[in-house]
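Chain by chain, the residues run as shown.
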Amino acid sequence: MTPETIEANGVRLRPSRLDDVADTVAGCADPVTQRGISGLPDPYTEESARWWITEGAPAAWASGGAAYAIADPATDRLLGSIGLSQPVPTRGQWEIGYWVAPWARGRGVATAATRALAESAFAAGCARLELLTNEENTASQRVALAAGFRHEGVRRAANPSRGGGRHDLLAWVRLADDPPGPAARLLPDLPDGRLTDGLVTLRRLGPDDTDVMFRLHTRPEVVANQAPPVPPTRAAIERRCRLAESAWLTGSLARLLILDAATGEPAGSCGLSYSDRAAGEASVGYALLPAWRGRGYATRAVRLLAGWAFGVPGIARLTAGTLPENTASHRVLEKVGFRREGLLRGRLPGLDGGRIDDLIFGMLASDLSTH
């Protein structure tokens, strides 16, 4: 379907050759490559590389797909591999996959190769390309976005895990008539990776934040303001932190840690998620550790988050739901510029089949208080 050699975007896609064996072994034996590609031999040997070059890659072409070596146009040295598989000709659909060698990472090679192959496939008549990534493989998720692929959903238990079991895959899709360039993101990255007003700093939640998040979100007064009011397990908190970047990239949820700007010490957490994407509406939530309460940190954190949301993401309206009796949270929201909009009776699940009322606050960009 695609030509034997493609040269575009600063990379060369060409057939694999036997003089690629040593670099293929080094690239495919690398732990990052092993984690990212299901079914690679482990250990990956010279025999494995020779089989791929002489049998595996030709079989991919014969089955209606494609298999290219990614090479440096200046030296022709192997930088990785990329191909098309899982053809569904009746849908005009193929799956695109790749790996990049350790010595070529961080240079935009995967994005350049994915764009080059996608553009060639579309020119040859392909209508739809899928790129599947592990939930924790945020590097590949960023490649998908940079190459113009949009997040489409989750393939539950779609991939076997090493050692048994199965895990989910995220589906990213690009159509032949999608606009060129990177895919638009619902939740762009924070400028310089953080927001700060000099006293409070917000940054994206990460895997190393499990301890503080577990400590915060299992406190009785914090649990009481959750729906339902059940403390999370440590495993659930660990997964939340581990997948925080992926949730941000897919546009489902922005989770942030609230820090004291002077010391970097964690003070709490906050978050933002779309409640109505078509209407440009998102909701916010937050919690503080006891030592930081009553010092204006929650107000500052929510103000920073709201200011960012109304800016680059272009969110038009923010909401926040609170328990009717949580007057401390009401004061925080009102200081930022939120207004009480109504009581939704029995909106949230409680304990033992009960229901919890939800007091709703709302804010437009023009309501945001700057002090």
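As a reminder, the structure under discussion sits directly above these lines.
Residues numbered from 1 in each chain as written. Predicted model: local features only at pLDDT ≥ 70, side-chain atom pairs only at ≥ 80, totals over all residues. Heavy atoms only, no water.

Here we look at the overall build of the chain
- Check the secondary structure of the chain and you find 11 helices and 16 strands.
- Across its three principal axes, the chain shows a C-alpha extent of roughly 70 × 45 × 40 Å.
- For the chain, the proportion of its 371 residues judged to be buried stands at 48%.
- Partitioning the intrachain contacts of the chain with sequence separation of at least 6 by distance along the chain shows that 62% fall at a separation of at least 24.
- About 17,700 Å² of surface is accessible on the chain, with carbon and sulfur atoms providing 52% of the total.
- Positive and negative side-chain charges in the chain, numbering 42 and 41 respectively, have mean positions lying 5 Å apart. (Helix = DSSP H or I, 4+ residues; strand = E, 2+ residues; numbered from the N terminus. Buried < 20%, exposed > 50% of the residue type's maximum accessible area, 1.4 Å probe, protein only. Contact = heavy atoms within 4.5 Å. Areas by Shrake-Rupley, 256 points an atom, 1.4 Å probe, with all protein chains shown as cover. Lys, Arg positive; Asp, Glu negative; His and termini not counted. Charge placed at Lys NZ, Arg CZ, Asp CG, Glu CD.)

A closer look at the side chain of R128
- Residue position: R128 is located in strand β6 (residues 128–134).
- Of note is the side chain of R128, whose polar atom sits 2.9 Å from the side chain of E130.
- With near-sequence residues (within four places) excluded, R128 lies in contact with G92, Q93, W94, F122, E152, V173, R174 and L175. (Polar contact = N/O pair within 3.5 Å; in protein donor to acceptor, adjacent residues only side chain to side chain.)

Some thoughts on the pattern of salt bridges
- Taken as a whole, this structure holds 31 salt bridges when the rule is applied.
- Across the salt bridge formed by D76 and R17, the nearest N and O atoms sit 2.5 Å from each other. On the criterion of sequence distance, the pair formed by D76 in the loop between β3 (66–71) and β4 (78–88) and R17 in the loop between β2 (11–14) and α1 (21–28) is long-range, its members being 59 residues apart.
- According to the relative accessible area criterion, R17 is partly exposed, its value standing at 34%. (Salt bridge = Lys/Arg side-chain N within 4 Å of Asp/Glu carboxyl O.)

Some details on the layout of surface pockets
- Taken as a whole, the second largest pocket encloses approximately 1,600 Å³ of empty space.
- Lining the second largest pocket are 50 residues, and of these N225, V284, G285, Y286 and A287 sit closest to its centre.
- When the residues that make up the lining of the second largest pocket are grouped by side-chain class, the tally is 23 nonpolar, 17 polar and 10 charged. (1 Å grid on protein atoms, 1.4 Å probe; cavity = no way out; pocket = protein on both sides within 12 Å on 5 of 7 lines; lining within 4 Å. Points joined across faces, edges and corners; volume = space filled by probe spheres on them. Nonpolar A, V, L, I, M, F, W, Y, C, P; charged D, E, K, R; others polar.)

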